[in-house]
Amino acid sequence: MYVLLLCASFVNAQTEPCVNPQYQHGWSYVLPLKYARDFQHFDYNNPNAPKGGILRMPQLGTFDNYNFLPDKGRLLAGYESGGPGALIYDSLLTGAADESQSAYGRLAEGIAVENDYRWVAFKLRDNAYWHDGKPLTVEDVVWTFEAFLEHGNVGLKTALRDLERIYSFGEREVCFVTKEGAEINPATPFIYGGQGILPKHYWADKDLSKTVTDPPLGSGPYQLTEVDFGQLAIYERFEDYWGKDVPSMRGRYNYNKIQWDYFRDEQVITEAHKAGVLDFREETVSKNWTVKYDFPEVAAGLFQKRLIYLKRSWGMWWPAFWNVRIERFQDRRVREALFLLYDFPWINRVILHGFYDYGNSYFYNSEMAWEGLPSEAELTLLEPIRDKVPTRVFTEEFDQPESDGYGTNRDAMRRAIELFDEAGWTLKNGQLRHKETDERFKVDFVFVSPMLLRAKTPYMKRLNQVGIETSAVAPEVSNWQHRMRARKFDGGGYIYIPSNMPGIDLRNRFGSAAADEPNSLNWAGVKNPAVDYLIDKVNEARTAEGLFAATRALDRVLLWEFYMVPGMGQPGYRAVYWDRFSYVDSGPLNRVPVIDAWWWDPEKEKALQAGLAELRGN
């Protein structure tokens, strides 16, 4: 009997989740952690940075909500669930900008992960508290994730779909348990660790499923102190922030104030910045980058224009894409024909001022992107689905239609017309019509901004040349977002910047299950078993080699299916700002940490004001 009890105890210890967790200070996916347990701060942070000043940045559109859970309204910048721009909420972990696939303790002082990701445990720090002074506890963590499962938006519920239960144990520990039979998902620790934690006591008498117009309570480095609803928001640094000496937070969030101004027009943003109303922004329009920064303050070095290389995946930068729920876009030959009619070299030279590279990968500018023909590791993944993917996945390197960037690419147009004909569409009196139904081929484009519409106008003219009827609108951003979510479009422009842990995000954007989910990010409506299979392989990867093989194989299949028309490839981040900020130059990062690592420099501010006075004769 004693032996049987021992055996039962041993088996229970092996199967019971979160038994004797071995905590680490951080977690990395397929690469080793850069920072040791005793690290004091990230290399790109300055622990002695002065606290002060203000950072003023723009947002396009408006806002009408402070609650990130529902799929309704537009959230105010700063109230995001996680990431460096989340000013109000703390998460269990925080990522490092100089590593690609790691995170370190923030609310949590330790993380433990079971070998097959069947459970993840966190041990909370004992000094965290909300802005009202009440302690932040494991009860808040458990309640937050239960709220996510009940009230969360599609993205949250998709990310957490394999979470069976969450419970607290010990005094400050919490255990996340994966559902029995769920696939192995190495992103799990980052999914749990990256979400903002909500205060249970604040939300007790409020409806989390609805948008809210009263700023909720938080625990993070800032508080919202001034708001002109829909137009302006000012956050002030919370002087008594509990986490300021946590190693992963030391030297971060240095401004006394962070301000977001909301605009309805990008050109107005540009002029407001030049007038000194704004401090920093990313210039998203290549024409502006080329011709709008020749004013005296730039020449005098008072206004900085810097192309900053980022060590990260840029992915697809506003390619055209199709709503494949619509019958005419379901034929791969039609999608290839539409691809052939996009003359990127011409558009880049004439419209985009030659700024961009060609972004011919969903993982452009990273090791996850395809290169050459499939490797042996990729072939191992692709062979079982050979009959489900285009033959060219195995035999050709993907590239844009051949073009010198001048004139009309007649060979590409001729081949496009042939493909349309094979798919049942033919030219009749200058109009592309279906051979059997006589339906006119048309594309109703919905773009996020007039700038993107302008960049795509030559493409629409090329479509018109082969008899396709086109129309295009660039509504206010919130309306654009609604139309994308509601699938009320034929074609659009889509920015896809993958994470360095792309598995769950890939499922949400390209997985078959997400195609029919209301408000999911699979706007194109991709339903492809080969894509689902390869997304699963990305999730199952346990080494860098396995991850890269899976993403490269998936990359090839998505490209040769022509769901999107690749175009702009970012050579870097276009930062434009008044020269009143300093930062630590520690080498290439995966983002520009202006919000959380730069600081307002009193000496630079003095020099800036003196320079402006001299320049303007004051």
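Residues numbered from 1 in each chain as written. Predicted model: local features only at pLDDT ≥ 70, side-chain atom pairs only at ≥ 80, totals over all residues. Heavy atoms only, no water.

Caption draft 1: Fine view of the side chain of Asp343. Checked against the element boundaries, Asp343 lands in the loop between helix H9 (332-340) and helix H10 (344-350). Here Asp343 sits buried without a salt bridge, and the closest side chain of opposite charge, Arg462, lies 4.3 Å off (N-O distance). At a separation of 2.7 Å, a polar atom in the side chain of Asp343 contacts the side chain of Ser403. (Helix = DSSP H or I, 4+ residues; strand = E, 2+ residues; numbered from the N terminus. Buried < 20%, exposed > 50% of the residue type's maximum accessible area, 1.4 Å probe, protein only. Lys, Arg positive; Asp, Glu negative; His and termini not counted. Salt bridge = Lys/Arg side-chain N within 4 Å of Asp/Glu carboxyl O. Polar contact = N/O pair within 3.5 Å; in protein donor to acceptor, adjacent residues only side chain to side chain.)

Caption draft 2: A look at the packing of helix H16 (residues 503-510) against helix H18 (residues 529-540). Remark: H16 packs on H18, axes separated minimally by 8 Å, with the N-to-C direction vectors making an angle of 165°. In terms of orientation, H16 lies roughly antiparallel with respect to H18. The handedness of the crossing between H16 and H18 is left-handed. Residues Gly503, Ile504, Leu506, Arg507 and Phe510 of H16 form the contact with H18, whose own contacting residues are Val531, Asp532, Ile535, Asp536, Val538 and Asn539. When grouped by side-chain class, the residues that make up the contact of H16 with H18 number six nonpolar, two polar and three charged. (Axes fitted to C-alpha atoms, helices over the stretch in contact; angles between N-to-C directions. Parallel < 35°, antiparallel > 145°, perpendicular 65-115°, else oblique. Left-handed = near helix turned anticlockwise from the far one by under 90°. Contact = heavy atoms within 4.5 Å. Nonpolar A, V, L, I, M, F, W, Y, C, P; charged D, E, K, R; others polar.)

Caption draft 3: The packing of H18 against helix H19 (residues 544-560), seen in detail. It is at 8 Å that the axes of H18 and H19 come closest, and there the two elements cross at 160°. With respect to H19, the axis of H18 lies roughly antiparallel. Crossing of H18 against H19: the hand is left-handed. Note on element contacts: H19 touches H18 through Leu547, Ala550, Thr551, Ala553, Leu554, Val557 and Leu558, opposite Val531, Leu534, Ile535, Lys537 and Val538. Per-class residue counts for the contact of H18 with H19 are 10 nonpolar, one polar and one charged.

Caption draft 4: Examining the packing of aromatic side chains more closely. This structure, assessed with the given rule, holds 62 aromatic pairs. Aromatic pair Trp322 and Phe329: ring centres 5.5 Å apart, planes at 10°, arrangement stacked. (Phe/Tyr/Trp six-rings, centres within 6.5 Å; stacked < 30°, edge-to-face > 60°.)

Caption draft 5: Seen up close, the sheet that holds strand S12 (residues 280-282). Taking strand neighbours across the sheet as the criterion, the three strands line up as S12-S23-S13 in an open arrangement whose pairing is antiparallel. Only two strands of the sheet have a single neighbouring strand rather than two, namely S12 and strand S13 (303-308). Going across the sheet, the axis of each strand differs from the next one's by a mean of 20°, ignoring polarity. Bridge analysis of S13 against strand S23 (residues 573-578) gives six bridges, and the strand direction is antiparallel. Across the sheet, the residue bridging to Gln304 is Tyr577, located in S23. (Pairing = 2+ DSSP bridges.)

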